[in-house]
Amino acid sequence: MYQNYPVMKKTITGLTNEEVIASRQQYGSNVLTPPKRESLWKLFFEKFQDPIIRILLIAAFLSLIVSFIHNDFAETLGIIFAILLATGVGFWFEMDAGKKFDLLNQVNDDTPVKVIRNGNICEISKKEIVVGDIVLLETGEEVPADGLLQEAISLQMNESTLTGEPLIVKTTVEADFDDEATYPSNRIYRGTTVVDGHCTVEITAVGDVTEFGKVAQESSMKTGEETPLNKQLDSLARVISVIGFSLGILTFFALFLKDIFFQGYQYTGGQIILMGTVLIAFAVLLSKIWLPIFYDGLDLVGKKVKQPAWVNESRWITWLGASVLVFIVLCGICYLSGINPLLASSWISIDTASRILEYFMVAVTLIVVSVPEGLPMSVTLSLALSMRRMLKTNNLVRKMHACETMGAATVICTDKTGTLTQNRMQVAQTNFYGLKDQQLSEDTIGSLIREGIAANSTAHLDFSHPEKIKSLGNPTEAALLFWLNKQEINYLRLREEAKVVNQLTFSTERKYMATVIDSPLLNKRILYIKGAPEIVFSNCLEVVTTEGLQPVSSLKPVVEKQLLQYQNQAMRTLGFAYREIDPEDTRTIEELVKDGLLFLGIVAISDPVREDVPAAVAQCLRAGIDVKIVTGDTPGTAREIGRQIGIWKDSDTDYNIITGVDFQALTDEEALKRVQQLKIMCRARPTDKQRLVQLLQQCGEVVAVTGDGTNDAPALNFAQVGLSMGSGTSVAKEASDITLLDDSFNSIATAVMWGRSLYKNIQRFLIFQLTINVTALIIVFFGSIFGQELPLTVTQMLWVNLIMDTFAAGALASLPPDPNVMKEKPRKNNDFIITRKMATNILGTGMLFVVLLMSILYYLTYIEVGVSLYDLSAFFTLFVLLQFWNMFNAKAFDTGKSAFHDIRNSQAFLGVGFLILVGQFLIVTFGGEVFRTTPLSWKDWGLIIGGTSLILWLREIGSAVLRFFRSSKSSF
């Protein structure tokens, strides 16, 4: 499974130059194929997949037909402008985020590596490594490619990039192989690093076929997973298209029947039949548009009928040919039935045709009015603004929809090391039995402990950045040095002053490290030993205590109890001992260790949980989001971390935890029943995490995944939202949607709050936008049937639906995030974006506006002499100002607060409101024939602004009364 190529025994001479060339030709070079970057054009055209944009494209197509007939392209150009504006803004923001990400994610393949070639040790770049090369690796170096160990001396590896494990022992001794290890004990892998010891390794896989490369390839696969917002907007688009087209068709036939029954126009039977022939042929031509909408309508009323594939697959030229054929066949049938299509008298007159064409234009206008042109722009602006503002909270968003999708998350699958924990081993507790209050002093015991830790170690601390000290070497040894440094003890001075006489580094066979030094602190030759407590303790005769030396038998129960306690808390433990040595003693260290050591005590070491994690996890749990740990660590460690962060309870059982091997053994049916109850998956491999994500998605969950290692990349890719760490591997970041620059789980909770607030803002905009559309639809419908001309022109509606709505989108999107959203449960993945409360608000407010506006139209048409251009300008302004004040109501929707709450932090909202007023004034004053307006008097401006503002004040009064009654009830 792990051996990709036959092993070539070249441990002495290595490969020759000819063998290198042959190997590279056969197995390839050691370069990962970079993830395929989408071209800028493809990235731009992806924006046209938005469901509302698709409806706009249909509206633009229909509008274009009418524009050619009337030689007036203003409406069509306006819709096209709306499409390009929405898609262009989204494209630019994602492209900008991509540039930032590329700078963050640079990979260096020129790192020098020591190899044996032609019998000599030489350095080559990582990318020049080939299968069969013999590579020499030392502490701190990164493994350039997968390989089989030929020699391993005290070798410990950091496999966190592949398994999440920072310390794994590797060996060539088969008897010491760890059967439970994620990867074989005699193999090392690209991207991992040598923590301690050194080794010789024969390369068996390079480039894309390394474990690292395979995971990278898996992480770049297209998942096709649609975002929750897109699903909901798709449902909304279907509803809008069905309503718009239905109302458009209804209006066309209503106007036609009005011609016959109320206007006195006469049509012969033959004229009606031939006109029907034209309409049928035209309907066939537009089948690619209305057939999907027809099937959507069936779906909305509960009739599940699958749309034939040929509807979308057929080209427009096919539908044109079918349309011509249908027209010819129907004309032939008419001819055989006695209606001659070749006679001019059989057809309606040019004037009548123009009038019917006018009806068609009215129907198209209704369709255009029903489509919220501002919605794509509002969603894009909301997401784009959130992208920018989330960057200030250390969330670098690469994919725009990830902003909102994070708010819909129901499950977070998080790795342990580096995300929940600090990825830095630290001393959690010390039990030096001769040390009072565990505080180092200048006495003999204190000196023994200080010098023993400093001298009997190979690790170092990097003080290049004093505010962020780094560890070099074995992380467990570094934890001890950190402990000394915390007590202001210079380990390096102690190590340099102690003259090392002999030293044994740690090995898996001995399970201890020992160093003999000439001690300047004690002026004696001392043997220091540290290692597995049970090994060290078993070689001791006495224990150093505050009361003096005591036999080991008297303290054995105490030591064993403490060790068990630390092990139950998933801590690593080290035992410390020493003995004085006669300088004339020539025995080996192994012999000295077995002859009367004095036990100093034990130290418990752990990778501590980040300070902000428990609170952030608790916040997610309160918000109804499950948090699951997926780690390569042991069950005991994972369970303890789960307990510390608050997800593992005393009532949890083995049913709530599973290993990667056991999870793989489950069938999909068994795993589906269990995944939602799982809290921890340990000893997990990359494919286990990916499978967990996909099974959770099958259960209807919206899954967010966090990770910093290459092992996390497939799951990051397949999740609805992948969150990588800023310090993580390039593969993990490539697979993710959001990069947490501060590596903090707290930033995840912040992202959820932003996402939920963003969704609320989009809903508020929908209330504002759809109230306009409902009002406009009904007014245009009834106005065209009962009135003499359209009460609102297409150009005027374009101002309302595009420019004004875009401003409103910016205003509502700029509202700050609301922390209260974290007290709510996640919305369901299949929820309709328009809630019952929203629908009531939209229809109620819309009908109120309709009654008011239709009453004014009726008064002007039938009570006054007639509707003048001045009246229509005032009517248009009245319509806009009603919507303007309703924007304030939308801001406060479902908050229980005043629209003026926190108005000081809503300068952008107020600024946009001012722009809308100024824009309306300029259009009415200078719009002329283009907008069918004429300037209004200042008096009328005052009356319209004051009268329409009642919409806001009535809502404010009602809201204040409700708040008063609620506070009164709570006080009782």
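Residues numbered from 1 in each chain as written. Predicted model: local features only at pLDDT ≥ 70, side-chain atom pairs only at ≥ 80, totals over all residues. Heavy atoms only, no water.

Peer 1: Explain the layout of surface pockets residue by residue, including any values.
Peer 2: One number sums up the size of the second largest pocket: a volume of about 1400 Å³. Lining the second largest pocket are 50 residues, and of these Gln156, Leu167, Val169, Phe506 and Arg572 lie nearest its centre. Within the residue set of the lining of the second largest pocket, elements represented by two or more residues are β5 (165–169), α15 (475–486), β15 (524–531), α17 (533–538), β18 (572–581), β19 (597–606) and α21 (635–645). For the lining of the second largest pocket, the element with the most residues is β5, which contributes five residues. (1 Å grid on protein atoms, 1.4 Å probe; cavity = no way out; pocket = protein on both sides within 12 Å on 5 of 7 lines; lining within 4 Å. Points joined across faces, edges and corners; volume = space filled by probe spheres on them. Helix = DSSP H or I, 4+ residues; strand = E, 2+ residues; numbered from the N terminus.)

Peer 1: Got a sec to walk through the environment of Val613? Specific residues and values, please.
Peer 2: Along the chain, the position of Val613 falls in helix α20 (residues 613–622). Along the chain, Val613 and Thr421 lie 192 residues apart, while their C-alpha atoms are 8.3 Å from each other. Residue contacts for Val613: discarding those within four places in its chain leaves Thr419, Leu420, Ile645 and Phe745. (Contact = heavy atoms within 4.5 Å.)

Peer 1: Tell me about the side chain of Lys170, and name the residues and values.
Peer 2: Mapping Lys170 onto the fold places it in the loop between β5 and β6 (187–188). When its relative accessible area of 3% is taken as the criterion, Lys170 is described as buried. A polar atom in the side chain of Lys170 sits 2.9 Å from the side chain of Glu159. In this view, Lys170 contacts Leu149, Ala152, Leu155, Met157, Glu159, Tyr183, Pro184, Ser185, Arg187 and Ile188; residues no more than four positions away in its chain are not counted. (Buried < 20%, exposed > 50% of the residue type's maximum accessible area, 1.4 Å probe, protein only. Polar contact = N/O pair within 3.5 Å; in protein donor to acceptor, adjacent residues only side chain to side chain.)

Peer 1: Account for helix α14 (residues 444–455), naming residues and giving values.
Peer 2: One turn of the α-helix equals 3.6 residues, which is why residues spaced by three or four share an orientation. In this model α14 runs 16 Å from its N-terminal to its C-terminal C-alpha over 12 residues, within 8% of the 16 Å that 1.5 Å per residue would give. Of all the 12 residues making up α14, 11 are buried; the element is thus mostly covered by neighbouring parts of the structure. Within the span of α14, buried status applies to Ile445, Gly446, Ser447, Leu448, Ile449, Arg450, Glu451, Gly452, Ile453, Ala454 and Ala455. (Expected span 1.5 Å × (residues − 1).)

Peer 1: Tell me about the nonpolar core, and name the residues and values.
Peer 2: In terms of nonpolar packing, the biggest core is built from 105 residues, with Met406, Ile645, Phe745, Ile833, Phe879 and Met887 touching the most fellow members. Sort the elements by how many residues they give to this core and helix α27 (residues 745–786) lands first, with 20 residues. If sequence neighbours within four positions are ignored, Met406 has contacts with Ile412, Ala704, Val721, Leu723, Ile748, Ala751 and Val752. One finds Met425, Ile453, Ile469 and Leu484 within the second-largest nonpolar core, a separate group that totals 37 residues. (Core = buried A, V, L, I, M, F, W, Y, C linked by side-chain atoms within 4.5 Å.)

Peer 1: Which residues make up the packing of helix α7 (residues 269–285) against helix α10 (residues 316–336), and what are the values?
Peer 2: Running from N to C, α7 and α10 cross one another at 160°; their axes reach a closest spacing of 7 Å. Judged on the interaxial angle alone, α10 and α7 are roughly antiparallel. Crossing of α7 against α10: the hand is right-handed. Between α7 and α10, the residues in contact are Ile273, Leu274, Thr277, Val278, Ile280, Ala281, Phe282, Val284 and Leu285 and Trp316, Trp319, Leu320, Ala322, Ser323, Val326, Phe327, Leu330, Cys331 and Cys334, respectively. Its residues assigned to classes, the contact of α7 with α10 shows 17 nonpolar, two polar and no charged. (Axes fitted to C-alpha atoms, helices over the stretch in contact; angles between N-to-C directions. Parallel < 35°, antiparallel > 145°, perpendicular 65-115°, else oblique. Left-handed = near helix turned anticlockwise from the far one by under 90°. Nonpolar A, V, L, I, M, F, W, Y, C, P; charged D, E, K, R; others polar.)

Peer 1: Could you give an account of the environment of Asp259, naming the residues involved and the relevant values?
Peer 2: Relative to the helices and strands, Asp259 resides in helix α6 (residues 228–261). Along the chain, Asp259 and Thr352 lie 93 residues apart, while their C-alpha atoms are 9.9 Å from each other.

Peer 1: Before we move on, could you go through a nonpolar patch on the surface and cite the residues and values that matter?
Peer 2: Nonpolar side chains collect at one region of the surface, where Phe782, Phe786, Tyr858, Tyr859, Tyr862 and Ile863 lie side by side and expose about 680 Å² of accessible area between them. Per-element tally for the nonpolar patch: the top contributor is helix α29 (residues 836–863), with four residues. Along the chain, Phe782 falls in helix α27. Of the residues examined, Phe782 reaches a relative accessible area of 34% and is grouped as partly exposed. (Patch = residues over 30% accessible without salt bridge, like charges linked within 9 Å, V, L, I, M, F, W, Y side chains within 5 Å. Areas by Shrake-Rupley, 256 points an atom, 1.4 Å probe, with all protein chains shown as cover. Salt bridge = Lys/Arg side-chain N within 4 Å of Asp/Glu carboxyl O.)

Peer 1: Break down the sheet that holds strand β20 (residues 626–630) for me, with residues and values.
Peer 2: Strand order in the open sheet made by the eight strands is β8-β25-β24-β23-β9-β20-β22-β21, with mixed pairing throughout. At either end of the open sheet lies a strand with only one pairing partner, and these are β8 (395–397) and β21 (657–659). When strand polarity is set aside, the average angle formed by the axes of neighbouring strands in this sheet is 20°. When strand β9 (residues 411–414) meets strand β23 (residues 703–707), the two strands line up parallel, connected through three bridges. Bridge pairing links Ile412 to Ala704 in β23. Across the sheet, α27 is in contact with β8, β9, β20, β23 and β25 (738–740); its angle to β9 comes to roughly 160°. (Pairing = 2+ DSSP bridges.)

Peer 1: Before we move on, could you go through the pairing of strand β4 (residues 146–159) and cite the residues and values that matter?
Peer 2: Here β4 lies mainly inside the structure; 10 of its 14 residues are buried. Relative to strand β7 (residues 193–205), β4 is paired through 10 bridges, and the arrangement is antiparallel. Looking at the pairing, Asn158 lines up with Thr193 of β7. Taken together, the two bridges between β4 and β6 define a ladder with antiparallel strand orientation. Across the sheet, the residue bridging to Leu148 is Arg187, located in β6. In terms of strand pairing, β4 meets β5 through three bridges, oriented antiparallel. In the strand pairing of β5, Gln156 is matched with Val169.

Peer 1: Describe unusual backbone geometry, naming the residues involved and giving the relevant values.
Peer 2: Even without glycine at this site, Lys511 takes up a positive phi of about 65°. Within the fold, Lys511 resides in the loop between β13 (499–504) and β14 (512–519). On the basis of relative accessibility, which here comes to 38%, the residue Lys511 falls in the partly exposed class.

Peer 1: Outline the pattern of salt bridges, listing residues and values.
Peer 2: Counted according to the given criterion, the structure contains 21 salt bridges. For the salt bridge of Arg238 with Asp296, the shortest nitrogen-to-oxygen distance reads 4.0 Å. Note that Arg238 is positioned in helix α6 and Asp296 in helix α8 (residues 287–300), a separation of 58 residues in sequence. For Asp296, a relative accessible area of 18% puts it in the buried group. Between Glu560 and Lys556 there is a salt bridge whose closest N-O contact spans 4.0 Å.

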